[in-house]
Amino acid sequence: MDINIMGCLCCNPNRQPPFQLKTRIFGHAAFSQPVQLYQLTNKHGMELSVISFGARIIGLKVPGLNGQMVDVVRGFKKFEDYQTDEFYFGAIVGRVAGRIHPSTVKIAGKAVHLVPNTQNVHHNGGKNGFDTAIWTVQPIEEDDRNGVSGIKFRYVSPDGSEGYPGELVTEVEYRLTNRNELKIRITAVTEATTLLSIPCHAYFNLGGPKEANIYDHRLTVNAEEFTPLDGDMIPTGEITPVEGTPYDFRRAGRIGDVIGRLPTEGYDHNWCIASGPGGEPVSAAHLYCPSSGIGMEVLTTQPGLTVYTGNFLSKSLIGANGEVMDKHSAVCLETQNYPNAPNVERFPSAVLTPGQTYDHTTLFRFSVRRPQKPPVQ
C-alpha cells in the first residue's frame, strides 16, 4: 500500500504542495525486516526513488527533450536482486570507499586490521558495509520558500564493524530542489578515531533505459591531476598531471573515443578536485547525453572524484526497465577522498576523530539542451 506524505502547504491550504513523498514496502530482509521504498517528487515531476537497504538510489527520473521523463539511474526491479548485488548499485558506500591495500592500516599509531574482501584488499567498506545495512528513515519537511524537501537516512555502525574502530553514527540527506537538483549531504560522528570516505555509488546513463552504453556521453572533469593505478587497480601513490593522457577531460570528450586507449577495461580512477572557497561545493564534472539532451553537473566539497565506467558489469544483469546492464552501460561519478588514502601519506587524510564531524555535500544539477548540429560543409 502506498502512503502519501504531502509537502508543506504553509498558509494556503488550497495551493498545490511543492513536493510529494510516497512510501511502500519494497521487500523483506533477514528476519522479515521490511525494506521501505520512498519516492520523492518535485513540482516539475523529477522523481527520486530510494530504499532503506543501503540507503540506495534505485531510480531518478528527470525531464529530457520535449518534457518526457527519463530514468537516468540504473537499478533493479526486485529487492532480491539488491540482496545478491556485488556492484553496489545506487548504494551509500562505507566506511571507506575504494580499495585499501594492504588492509592492515595504522590509525592513531595503532595497527588496525580491516576485513579484506580479497587477497589483503579491503574494498568499499568490507564484506558487510553500509550498502547491506538497513537504515532508519525520516522525512525532511519544511516550508517551500527554497523549494527544497527530502529524506534523511540514519545508520549506527558498531565499534569493530569490518575492523573499523569506534561506534559511528552516519546520516545521509537526499533532497530534491525545484531547480531539478539532487542534493546529498553526508554527516558522521565517531566515538573513537576511525577512517571515513563515503560516496553514493549510483550508476548513471543519461539516455535512460534505451541507451545501451555510455560511449556517446560527453564527459568533462575539472581536474588538472589524477592518481594512477597499478596492475591490481591500487593507487600507486603518485599524483600525475592529466595533460597528454586519456585522463584529460578538462574539455568535454566523448567517452567512447578514449576508453579504448586505456590499459584497463575502462575508467576506475580518481581525479583530484581543487577545494572551493569557504568549503562550498565546486564543479567537479559534467556529463551530457546527446540523445536525451540531458546534462548533469556534479558539484562537491570532497577532494576526489572517482569515475567508474561499469567495467565489471555483465549481460546477466537485467535492469528495472528490462535493459541489459552490460559492461560500460552506465558510469558512476563518486565524490569521495582519494582511494587508499589511509596508506598514502601525501593523500588527503581520511581520519575522523571524536569531536569532529564528517560533513560533505554533493549536488547533481540537471539541465536540458538540444545537441549541436554539425556545421554544413
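Residues numbered from 1 in each chain as written. Predicted model: local features only at pLDDT ≥ 70, side-chain atom pairs only at ≥ 80, totals over all residues. Heavy atoms only, no water.

K.L.:
Before we move on, could you go through the side chain of Ser52 and cite the residues and values that matter?
P.N.:
Tracing the chain through its elements places Ser52 in the loop between β4 (47-51) and β5 (56-63). Of note is the side chain of Ser52, whose polar atom sits 3.0 Å from the backbone nitrogen of Gln36. Beyond its immediate chain neighbours, meaning those up to four positions away, Ser52 contacts Pro34, Val35, Gln36, Ala133, Ile134, Trp135, Val137 and Phe153. (Helix = DSSP H or I, 4+ residues; strand = E, 2+ residues; numbered from the N terminus. Polar contact = N/O pair within 3.5 Å; in protein donor to acceptor, adjacent residues only side chain to side chain. Contact = heavy atoms within 4.5 Å.)

K.L.:
So what's going on with the state of the cysteines? Residues and values would help.
P.N.:
Taken as a whole, this structure holds zero disulfides when the rule is applied. Cysteine Cys332 remains unbridged, with the sulfur of Cys200 as its closest cysteine sulfur at 8.6 Å. Taking relative accessible area as the criterion, Cys332 reaches 0% and is therefore assigned buried. (Disulfide = S-S within 2.5 Å. Buried < 20%, exposed > 50% of the residue type's maximum accessible area, 1.4 Å probe, protein only.)

K.L.:
With reference to specific residues and values, describe the packing of aromatic side chains.
P.N.:
For any pair of aromatic rings, the description consists of the separation of the ring centres together with the inter-plane angle of the planes. In the structure shown here, the tally under the stated rule is 21 aromatic pairs. A centroid spacing of 4.3 Å and a plane angle of 20 degrees characterise the contact between Phe226 and Tyr247, whose relative ring orientation is stacked. Separated by 21 residues along the polypeptide, Phe226 in strand β19 (residues 225-227) and Tyr247 in the loop between β20 (240-241) and β21 (253-254) bring together distant segments of the chain. A relative accessible area of 9% places Tyr247 in the buried class. Pairwise contacts between aromatic rings join Phe26, Phe53, Phe76, Phe79, Tyr82, Phe89, Tyr203, Tyr308 and Phe312 into one cluster. Sitting over the face of the ring of Tyr288, Arg369 holds its NZ or CZ atom 3.8 Å from the ring centroid. (Phe/Tyr/Trp six-rings, centres within 6.5 Å; stacked < 30°, edge-to-face > 60°. Lys NZ or Arg CZ within 6 Å of the ring centre and 35° of its normal.)

K.L.:
Requested: an account of the pairing of strand β26 (residues 332-336), with residues and values cited.
P.N.:
With five of five residues buried, β26 is to be regarded as a mostly interior element. The alternating pattern of β26 places Cys332, Glu334 and Gln336 and Leu333 and Thr335 on opposite faces, both of which are buried.

K.L.:
So, the environment of Asn270: which residues are in play, and what are the values?
P.N.:
Relative to the helices and strands, Asn270 resides in strand β22 (residues 268-272). On the accessibility criterion, Asn270 (2% relative accessible area) is buried. Sequence spacing of Asn270 and Gly304 is 34 residues, and the spatial spacing of their C-alpha atoms is 6.2 Å. When neighbours within four sequence positions are excluded, Asn270 is seen to be in contact with Phe226, Thr227, Gly304, Leu305, Thr306, Asn337, Tyr338 and Pro339. A polar contact of 3.4 Å, which involves the side chain of Asn270, links it to the backbone nitrogen of Leu305.

K.L.:
Hey, could you go over the sheet that holds β26 for me, with residue numbers and the actual values?
P.N.:
With antiparallel pairing, the five strands of this open sheet are ordered in space as β20-β19-β22-β25-β26. Each edge of the sheet is formed by a strand with only one pairing partner; in this case those strands are β20 and β26. Examined bridge by bridge, β19 and β20 share two bridges and lie antiparallel to one another. Each residue of the ladder has a partner; that of Phe226, found in β20, is Thr240. (Pairing = 2+ DSSP bridges.)

By themselves, these observations are geometric and do not establish any function.
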